[in-house]
Amino acid sequence: MWAELLPIGRDSASGGYRRYAWTGADADCRAWFRQQAEDRGLTYEVDRNGNQWAWLGDPTAGDAVVTGSHLDSVPDGGAFDGPLGVVSSFAALDELRDRGAQFTKPLALVNFGDEEGARFGLACVGSRLTAGQLTREQAHRLTDGDGVTLARAMENAGYDPDAIGADPERLARIGAFVELHVEQGRALDLSGDAVGVASAIWPHGRWRFDFRGEANHAGTTRLVDRRDPMLPYAETVLAARREAELAGAVATFGKIAVEPNGVNAIPSLVRGWLDSRAPGQDTLDTVLAGIEKAAREYAEAHGVDLDVVRESFTPVVEFDHALRDELARILGHHGELTVPVLGTGAGHDAGILSGSIPTAMLFVRNPTGVSHSPAESAAEDDCVAGVHALADVLEGLACR
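A quick note: this is a predicted structure, and the numbers were derived from the prediction, not measured. (Residues numbered from 1 in each chain as written. Predicted model: local features only at pLDDT ≥ 70, side-chain atom pairs only at ≥ 80, totals over all residues. Heavy atoms only, no water.)

1. Describing the packing of aromatic side chains
The description of an aromatic ring pair uses the distance of the two centres, along with the angle that the planes make with each other. Throughout the structure, instances matching the rule amount to 13 aromatic pairs. Here the aromatic rings of Phe-33 and Tyr-44 are separated by 6.5 Å at their centres, their planes lie at 50 degrees, and the arrangement is tilted. Of the two residues, Phe-33 is situated in helix α2 (residues 24–39) and Tyr-44 in strand β1 (residues 43–46); the sequence distance between them amounts to 11 residues. Between Trp-53 and Trp-55, the ring centres sit 6.0 Å apart and the planes meet at 15 degrees, which makes this aromatic pair stacked. Here the guanidinium or amino end of Lys-255 rests over the ring plane of Trp-273, the centre of that ring lying 4.5 Å away. (Phe/Tyr/Trp six-rings, centres within 6.5 Å; stacked < 30°, edge-to-face > 60°. Helix = DSSP H or I, 4+ residues; strand = E, 2+ residues; numbered from the N terminus. Lys NZ or Arg CZ within 6 Å of the ring centre and 35° of its normal.)

2. Points about the pattern of salt bridges
Summed over all chains, the structure comprises 30 salt bridges. Among the salt bridges present, the one from Asp-11 reaches Arg-18, with a minimum N-O distance of 3.5 Å. The partner of Arg-30 in a salt bridge is Asp-26, and the shortest N-O contact between them spans 3.0 Å. Of this pair, Arg-30 and Asp-26 both sit in helix α2, separated by four residues, roughly a single helical turn. You'll find Arg-30 and Asp-26 in the same group, each marked buried. Salt bridges here are not isolated pairs; linked through shared partners, they connect Glu-45, Asp-47, Arg-48, Asp-167, Glu-169 and Arg-170. (Salt bridge = Lys/Arg side-chain N within 4 Å of Asp/Glu carboxyl O. Buried < 20%, exposed > 50% of the residue type's maximum accessible area, 1.4 Å probe, protein only.)

3. Remarks on empty space enclosed by the protein
If you walk through the whole model with that rule in mind, you get three cavities of 30 Å³ or more. Put simply, the largest cavity is a space of about 50 Å³. Forming the boundary of the largest cavity are Trp-22, Asn-49, Gly-113, Asp-114, Val-125, Gly-126, Leu-129, Leu-150 and Met-154. Ranked by residues supplied to the lining of the largest cavity, first place goes to helix α4 (residues 125–131) with three residues. Classifying every residue of the lining of the largest cavity gives five nonpolar, three polar and one charged. (1 Å grid on protein atoms, 1.4 Å probe; cavity = no way out; pocket = protein on both sides within 12 Å on 5 of 7 lines; lining within 4 Å. Points joined across faces, edges and corners; volume = space filled by probe spheres on them. Nonpolar A, V, L, I, M, F, W, Y, C, P; charged D, E, K, R; others polar.)

4. Section: the pairing of strand β5 (residues 174–182)
Counted residue by residue, β5 has eight buried out of nine residues, so it is predominantly covered. With four bridges joining them, strand β3 (residues 64–70) and β5 adopt parallel strand pairing. Counted as the bridge partner of Val-66 is Phe-177 from β5. Pairing geometry for β5 and strand β15 (residues 359–364), over six bridges, is parallel. (Pairing = 2+ DSSP bridges.)

Written as structure tokens, this is what we have:
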């Protein structure tokens with residue numbers, strides 16, 4: 001399975017993946033998922049929001065156990081973020097069938113659409129729509145860098161954008177969702193454990209900073225006469241690092257757009273996107289307040305206007321304690337590995353769904369901690385340990 005999926009959407013120059021929502025690479029990933037489902041005799045369906053489902057048992061019976069993740073990527077992302085969870089879900093089902101497991105509950109495998117938000121700027125679109133955290137009207141207003149709306153992209157890919165929206169009936173049929181994911185950090189590597197259980201997801205969000213100055217000639221305009229938005233933007237990037245460091249949080253300006261974007265032109269607009277995450281809400285609020293205060297002071301000093309827009313936000317997610325404890329009990333009972341409980345600064349579909357259904361997460365060791373990069377990795381032995389752990393969990397939840 002892994003070998004079949006690896007070439008899809010891979011950029012030959014960077015070695016990273018560009019599996020953006022509703023593109024050709026995304027369609028190829030979806031075709032792969034459907035084929036895996038059909039090869040196993042599972043009932044395949046796509047919901048109103050474009051999420052793919054593969055069912056073992058009656059989808060309408062209720063109290064279903066669901067596992068899976070996503071197949072899309074960030075720009076030049078790694079091979080494991082998302083796909084490891086989907087591949088492992090099929091592998092875990094194969095393992096359970098080899099064991100002769102007798103299912104007493106329906107089991108579903110899922111590929112959530114547009115988890116990374118690389119194309120339209122909002123993460124977890126598929127799960128947000130399903131959970132009612134994103135309305136159809138809000139989704140229709142999302143556009144990519146070329147001005148293509150989400151609705152048009154879905155339509156071009158053969159899906160009905162007018163059908164999207166909250167899906168409480170589907171969620172009501174799910175008793176538990178367990179997502180396996182490569183760890184995006186080094187906690188497991190430092191502890192020496194192959195697999196861990198998630199405790200919580202830090203609150204996190206994305207903010208857009210628009211610095212508006214005055215376009216002018218780079219060679220003839222005196223420095224004192226300039227209203228250059230690049231200067232307060234650059235100072236704000238450094239301020240974000242300082243504020244995050246002081247608070248024990250993280251803050252990153254990872255995307256920028258410049259107008260008119262000419263080498264010999266002073267910009268009229270510098271638009272930067274901030275991603276910030278922290279262990280708690282108060283800490284995140286403090287970091288954001290400090291960054292915005294600094295940005296406004298720098299903008300004023302350079303005669304530049306500033307708008308700050310919050311584009312997305314996810315509060316702290318405490319995974320269902322009962323389900324989390326049940327995972328630890330199941331894995332501890334098998335006695336093959338210790339299972340540390342750890343928090344994460346990365347967002348996931350499981351976090352979005354946690355407000356609607358019991359959710360939990362398993363992490364697989366990442367030896368370098370690198371993620372959202374072609375250098376992202378996981379050892380085969382650890383991946384196999386993750387499959388066995390997921391199979392144990394699914395057996396404990398769906399075969400009782």
